[in-house]
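This is what each chain is made of:
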Amino acid sequence: MKAKIMTIGLLSAMVAAFAPSMASAQVVPRTPIILFEGVGPAIAGSVSLDELPREAREFLKKHFREGKVIDCEHEFDDNTYEVTMSDHMDIEFDSKGQWIEIDAFGRSVIPYNLVKKLLPEDAHRDIEKRGLQQSVETIKRSANGYKVEFQSADIDDIRYNNHGKVLSVDRD
């Protein structure tokens, strides 16, 4: 108990000794340090159709004659291009102009005649066998094969290898 009283007394003496100097001290407001000004780094920008890689332009001419290009974006972070079409399609291209994803947005689906042109024969035959021709919503292409996503079906997606053989089926 005596130790507590001595400690409190010592603290009181210290506060009394320093209080006058603290009362006269000025408070200087700190301004935040701004490392970067502006809205931040650009991650995408609009480009004209002519700025797409040649292979991407040829792909659009061949497969999307009816649709009109609404928007072209260059994604700087992964050097890809995304094209939005008037017929409710988004097409993503890599830096060389090869398609890597086609997505029907809204409630639309990818026309099956286009699906047949983009997928290996075994893959589109499998889709026909399952009765999913009118449900293809997205096709993604990678070095390992294809992922086909479906809308309003009991199957969420099917993955195929580059030759069209089924690798996996993901159900809802």
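The structure contained in this document is the topic of the report that follows.

1. Focus on the packing of aromatic side chains
- A full pass over the atoms with the stated rule returns four aromatic pairs.
- On the numbers, 6.2 Å between centres and 50° between planes, the contact of F59 with F64 is tilted. Both residues of the pair, F59 and F64, count as buried.
- Taking 6.4 Å as the distance between ring centres and 35° as the angle between the ring planes, the aromatic pair formed by W99 and Y146 counts as tilted. Residue W99 is located in strand β5 (residues 99-104), and its partner Y146 is located in strand β7 (residues 145-150); the two are separated by 47 residues in the primary sequence. No difference in accessibility class separates W99 from Y146, as the two residues are buried.

2. Regarding helix α2 (residues 54-63)
- For α2, the full list of buried residues reads A56, F59, L60 and H63. The arc that holds every buried residue of α2, seen down its axis, measures 95°, which confines them to one face. Along α2, the residues that are exposed and aim more than 90 degrees away from the buried face are R54, K61 and K62.
- Its buried side turned inward, α2 meets β2 (69-75), β3 (80-85), β4 (89-93), β5 and α3 (112-118).

3. Observations concerning the environment of D87
- When you line up the elements, D87 lands in the loop between β3 and β4.
- Counting along the chain gives 23 residues from D87 to I110, while the straight-line C-alpha distance between them is 9.7 Å.
- D87 has contacts with F64 and G67, leaving out every residue within four places of it along the chain.

4. Here we look at the side chain of T84
- Within the fold, T84 resides in strand β3.
- There is a polar contact of 2.8 Å between the side chain of T84 and the side chain of D90.
- Once you skip the residues sitting within four places of it in the chain, T84 turns out to touch K68, V69, I70, D71, M89, D90 and F105.

5. Section: unusual backbone geometry
- Of note, the phi angle at N79 is positive, near 55°, even though the residue is not glycine.
- As for its placement among the helices and strands, N79 is situated in the loop between β2 and β3.
- Taking the relative accessible area as the measure of exposure, N79 reaches 36% and is therefore partly exposed.
- In this structure, H88 takes a positive phi of about 65° despite not being glycine.

6. Brief notes about the pattern of salt bridges
- Tallied over the entire structure, the rule returns nine salt bridges.
- When the shortest N-O distance is used, the salt bridge between K129 and D126 registers 4.0 Å. Of this pair, K129 and D126 both sit in helix α4 (residues 121-129), three residues apart, which is roughly one turn of the helix.
- Given a relative accessible area of 69%, K129 falls into the exposed group.

7. Considerations on the environment of K96
- Within the element layout of this structure, K96 appears in the loop between β4 and β5.
- Here K96 falls in the exposed class, since its relative accessible area comes to 63%.
- Measuring from C-alpha to C-alpha, the distance between K96 and P53 comes to 6.1 Å, with 43 residues separating the pair along the chain.
- Once residues lying within four places of it in the same chain are set aside, the contact partners of K96 are P53 and E55.

Rules and cut-offs
- Residue numbers restart at each chain and count upward from 1, following the sequence in its written direction.
- Whole-chain, interface and lining totals are the exception, using all residues; otherwise, since this is a predicted model, local features are given only for residues with pLDDT of at least 70 and side-chain atom pairs are given and counted only at 80 or more.
- Calculated side-chain values reflect all of the structure's heavy atoms, with hydrogen atoms and water omitted.
- When the centres of two rings from Phe, Tyr and Trp lie within 6.5 Å, Trp using its six-membered ring, the rings pair. Their planes under 30 degrees apart give stacked, over 60 give edge-to-face, and anything left gives tilted.
- Exposure categories follow from relative accessible area, calculated using a 1.4 Å probe and restricted to protein chains: below 20% of the type maximum is buried, above 50% is exposed, and the middle band is partly exposed.
- Secondary structure elements follow DSSP: runs of H or I of four or more residues count as helices, runs of E of two or more count as strands, with numbering from the N terminus.
- Taking the helix axis as origin, the arc is that swept by the directions to the C-beta atoms.
- When checking whether two residues touch, look at their non-hydrogen atoms; a contact exists if any pair is within 4.5 Å.
- In protein, a polar contact means a hydrogen-donor-capable atom and an acceptor-capable atom, both N or O and within 3.5 Å, with residues adjacent in sequence counting only if both atoms are side-chain atoms; elsewhere, any N or O pair within 3.5 Å suffices.
- We count a salt bridge whenever a side-chain nitrogen from Lys or Arg sits within 4 Å of a carboxyl oxygen from Asp or Glu.

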